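Given next are the chains, with one letter for each unit.
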Amino acid sequence: MIVSRCAICGGKVEEREISEEVKIRNDFVVIENLRAGVCVECGERYYPPGVVDRLRGIERSLMDREKLKRLDVIGSTYRLRYDATF
Ligand SMILES: [Zn+2]
């Protein structure tokens, strides 16, 4: 664990399994089973050393469409204009 208290609100930081969303052009990839510190009060996340670099590495790697297409599809992204009648 990197920190035990949140730098923003002073709340308790617990280690949890979380997921992170990475945007690749118009696609989103949910990276699962990531362990990080999460503030129980405000939700701020604290990543162990190396996690941010790994996430950026995954992001760069997935700019390759062939690699992206090999992943499981779990949902779709839709577009809606804010001022549209809905
Ligand atoms: Zn906090």
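This one's a predicted model, so the numbers in the text were calculated from it and none came from an experiment.

**Focus on the coordination of the zinc ion**
- Summarising the metal site, the zinc ion is bound by the protein donors Cys6 (SG), Cys9 (SG), Cys39 (SG) and Cys42 (SG), whose distances to it range over 2.3 to 2.4 Å.
- Along the chain, the residues donating to the zinc ion are arranged with the sequence spacing C-x2-C-x29-C-x2-C. With Cys6 in the segment before strand 1 (13–24) and Cys39 in strand 2 (residues 27–39), this residue pair connects regions lying 33 residues apart in the sequence.
- Cys6 gets classed as buried once you look at its relative accessible area, which sits at 5%.

**Observations concerning unusual backbone geometry**
- With phi around 55°, Arg25 is a residue other than glycine that occupies positive phi space.
- For Arg25, the position within the fold is in the loop between strand 1 and strand 2.
- In this model, Asn33 sits at a positive phi of 60°, which is unusual for a non-glycine residue.
- On the accessibility criterion, Asn33 (56% relative accessible area) is exposed.

**Some points on the pattern of salt bridges**
- Applying the stated criterion to the full structure yields 8 salt bridges.
- The partner of Glu14 in a salt bridge is Arg16, with the nearest N and O atoms 3.3 Å apart.
- Here Glu14 falls in the partly exposed class, since its relative accessible area comes to 30%.
- The partly exposed category is assigned to Arg16, whose relative accessible area is 35%.
- Between Glu17 and Arg35 there is a salt bridge, and its shortest N-O distance comes to 3.8 Å. In this pair, Glu17 is assigned in strand 1 and Arg35 in strand 2, connecting sequence segments 18 residues apart.
- Of the residues examined, Glu17 reaches a relative accessible area of 52% and is grouped as exposed.
- Connected through shared salt-bridge partners, Lys12, Glu14 and Arg16 make up one network.

**Section: the nonpolar core**
- Core analysis: the biggest nonpolar cluster contains 13 residues, and Ile24, Val29, Ile31 and Leu62 have the highest contact counts within it.
- Ranked by residues supplied to this core, first place goes to strand 2 with 5 residues.
- Beyond its immediate stretch of four places on either side in the chain, Leu62 contacts Ile24, Val29, Lys67, Leu68 and Leu71.

**Quick notes on the pairing of strand 2**
- With 11 bridges joining them, strand 1 and strand 2 adopt antiparallel strand pairing. Its bridge partner being in strand 2, Val22 is matched across the sheet by Val29.
- From the end of strand 1 to the start of strand 2, which pair antiparallel, there are 2 residues, and Arg25 there has a positive phi angle of about 55°.
- Bridge count between strand 2 and strand 3 (residues 45–46): 2 bridges; the pairing is antiparallel. The residue of strand 3 that forms the bridge with Val38 is Arg45.
- The turn joining strand 2 and strand 3, which pair antiparallel and follow one another in sequence, is formed by 5 residues; a positive phi near 85° is taken by Gly43.

Criteria and thresholds
Residues numbered from 1 in each chain as written. Predicted model: local features only at pLDDT ≥ 70, side-chain atom pairs only at ≥ 80, totals over all residues. Heavy atoms only, no water. Donors = N, O, S within 2.8 Å, 3.2 Å for Na, K, Ca; no water. Helix = DSSP H or I, 4+ residues; strand = E, 2+ residues; numbered from the N terminus. Buried < 20%, exposed > 50% of the residue type's maximum accessible area, 1.4 Å probe, protein only. Salt bridge = Lys/Arg side-chain N within 4 Å of Asp/Glu carboxyl O. Core = buried A, V, L, I, M, F, W, Y, C linked by side-chain atoms within 4.5 Å. Contact = heavy atoms within 4.5 Å. Pairing = 2+ DSSP bridges.

So, to be careful, I would describe these as geometric facts and stop short of saying anything about function.
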